[in-house]
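Coordinate inspection notes
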Amino acid sequence: MTLRLGTRRSALALAQSGHVADAITRLTGVPVELVPIVSEGDVSRASLAQMGGTGVFATRLREALLAGECDLLVHSLKDLPVAAAPGLVVAGIPPREDARDVVVTSDPGGLGALPPGAVVGTGSPRRIAQLRRRAPRVNAKDLRGNVDSRMQRVRDGELAGVVLAAAGLSRLGLFDPAEDVDGPRPGLGAASDLYLEPLGLAEWPTAAGQGALAVEVREDAPSPVRQAVAALDDAASRLAVTIERGILADIEAGCHAPVGVHAEIDGDEARVRSVVYAIDGSTRVGVDRTESLTGGYSRTTGGGNGANAADGADPTARAALIGSAIARRLLDRGAAGLVSRESPQ
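All of the points below concern the structure found in this document. (Residues numbered from 1 in each chain as written. Predicted model: local features only at pLDDT ≥ 70, side-chain atom pairs only at ≥ 80, totals over all residues. Heavy atoms only, no water.)

Turning to the packing of helix H9 (residues 235-250) against helix H10 (residues 315-332), a few remarks are in order. Contact pair H9 / H10: the axes reach a minimum separation of 7 Å and the direction vectors enclose 35 degrees. H9 and H10 meet at a crossing whose hand is right-handed. Listed contacts from H10 to Leu239, Thr242, Ile243, Gly246, Ile247 and Asp250 of H9 are Pro315, Thr316, Ala319, Ala320, Ile322, Gly323, Ser324, Ile326, Ala327, Leu330 and Leu331. Partitioning the contact of H9 with H10 into residue classes produces 11 nonpolar, five polar and one charged. (Axes fitted to C-alpha atoms, helices over the stretch in contact; angles between N-to-C directions. Helix = DSSP H or I, 4+ residues; strand = E, 2+ residues; numbered from the N terminus. Left-handed = near helix turned anticlockwise from the far one by under 90°. Contact = heavy atoms within 4.5 Å. Nonpolar A, V, L, I, M, F, W, Y, C, P; charged D, E, K, R; others polar.)

So, in structure tokens, the structure goes:
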């Protein structure tokens, strides 16, 4: 048996799919071949927000999987719509990589050194809102294109900087997340002429699922296919993204909404940072919590919530309830107005 892995044709998608294919073969001995598939998001130059968010990349891939053109798909989990796709299931979530964002500039001083009016590109409403809060002197510009083309626009001087995901840069061999350096540092490989500045998750929470991959198969996939994919699954990563995506789902925000959320699993506890932004950066609503994945007390700046009703539940069910409870707190604090006004679904 050889598994067929459907993938977009971009360098990043091919790199991610290649990593997953190699891991499946290493863990199970099953060979995997890549099947390139072109999506609407790859050929359209429209803004991602105009096309309905980054979920546009998943639509064609899922159609191919349901049609039997491939046996499995690899998605960047941050780009995957929170609603489950009928007939499909995420059967494997490999260990999560660096969830941070990175500002890429040609200036060794990074974001803080950019002059007033400098233009920073990103295709993410969440990043635009964060830029407007952290660096209101710069102009955030909606941006499309792959990693290489975005970085080239910085080299050419068209943009002063771009904001990209650390995990993608790492998978392309352009960034070392383990490098213990504060502030901007030279990139690796083809990015060695640029400066990469990772942004801490405490002050700059990123998209739900950022840094994680999702391996999707058909619900009726043969047992050998599901077993091969299940070998990749990392329990801590699945719990973290279950919480994060549960928050998005329950505040009815899509994967392109101005929401930053990050959950970190430490033993039987989950530390969660969640923020909903107004797109102009003027307002934000946040909730920080530490929750038990086995039931018991939670710690927060406020009182308790309904998540403790899950005492005795399995950790994945508990994670989903934690996400729902945090979403209720965000809504109680006014998040609904920001999401509905800035990011209609």
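On we go from here.
On to the layout of surface pockets, then. In this structure, the second largest pocket encloses a volume near 360 Å³. Lining the second largest pocket are 23 residues, with Val82, Ala84, Val90, Arg238 and Arg245 positioned closest to its centre. For the lining of the second largest pocket, the secondary structure elements donating two or more residues are strand S4 (88-92), H9 and H10. (1 Å grid on protein atoms, 1.4 Å probe; cavity = no way out; pocket = protein on both sides within 12 Å on 5 of 7 lines; lining within 4 Å. Points joined across faces, edges and corners; volume = space filled by probe spheres on them.)

So, on to the nonpolar core. Nonpolar side chains in soluble globular proteins tend to be buried together. In this structure, Ile243, Ile251, Val272, Val276 and Leu330 are the most contacted members of the largest nonpolar core, which totals 27 residues. Those elements giving two or more residues to this core turn out to be H9, strand S12 (259-266), strand S13 (269-277), strand S14 (284-292), H10 and helix H11 (335-342). Excluding residues that lie within four positions of it along the chain, Val276 makes contacts with Ile251, Pro258, Val259, Thr283, Arg284, Val285, Leu330, Ala335, Leu338 and Val339. (Core = buried A, V, L, I, M, F, W, Y, C linked by side-chain atoms within 4.5 Å. Buried < 20%, exposed > 50% of the residue type's maximum accessible area, 1.4 Å probe, protein only.)

For helix H5 (residues 125-134), the buried fraction is high: seven of the 10 residues fall into the buried class. Those residues of H5 lying buried are Pro125, Arg126, Arg127, Ile128, Ala129, Gln130 and Leu131. Buried residues in H5 make contact with strand S5 (101-105), strand S6 (119-122), strand S7 (139-142), strand S8 (161-165), S12 and S13.

Attention shifts here to the pattern of salt bridges. Under the defined criterion, the tally for this structure stands at 20 salt bridges. Across the pair Arg96 and Glu244 runs a salt bridge, and its minimum N-O distance is 2.9 Å. You can see Arg96 sitting in the loop between S4 and S5 and its partner Glu244 sitting in helix H9, a full 148 residues away along the chain. Each of the two residues, Arg96 as well as Glu244, counts as buried. A salt bridge links Glu291 to Arg318; its shortest N-O distance comes to 3.5 Å. With Glu291 in strand S14 and Arg318 in helix H10, this pair connects stretches of sequence that are 27 residues apart. The residues Glu291 and Arg318 share a single accessibility class, namely buried. (Salt bridge = Lys/Arg side-chain N within 4 Å of Asp/Glu carboxyl O.)

This part covers the sheet that holds S8. Strand order across the open sheet formed by six strands is S7-S6-S8-S5-S10-S9, with mixed pairing between neighbours. Both outer strands of the open sheet, S7 and strand S9 (185-186), are each paired with one neighbouring strand and no more. In the sheet, S6 pairs with S7 via four bridges, with the strands oriented parallel. Of the residues in S7, the one forming a bridge with Val119 is Asn139. (Pairing = 2+ DSSP bridges.)

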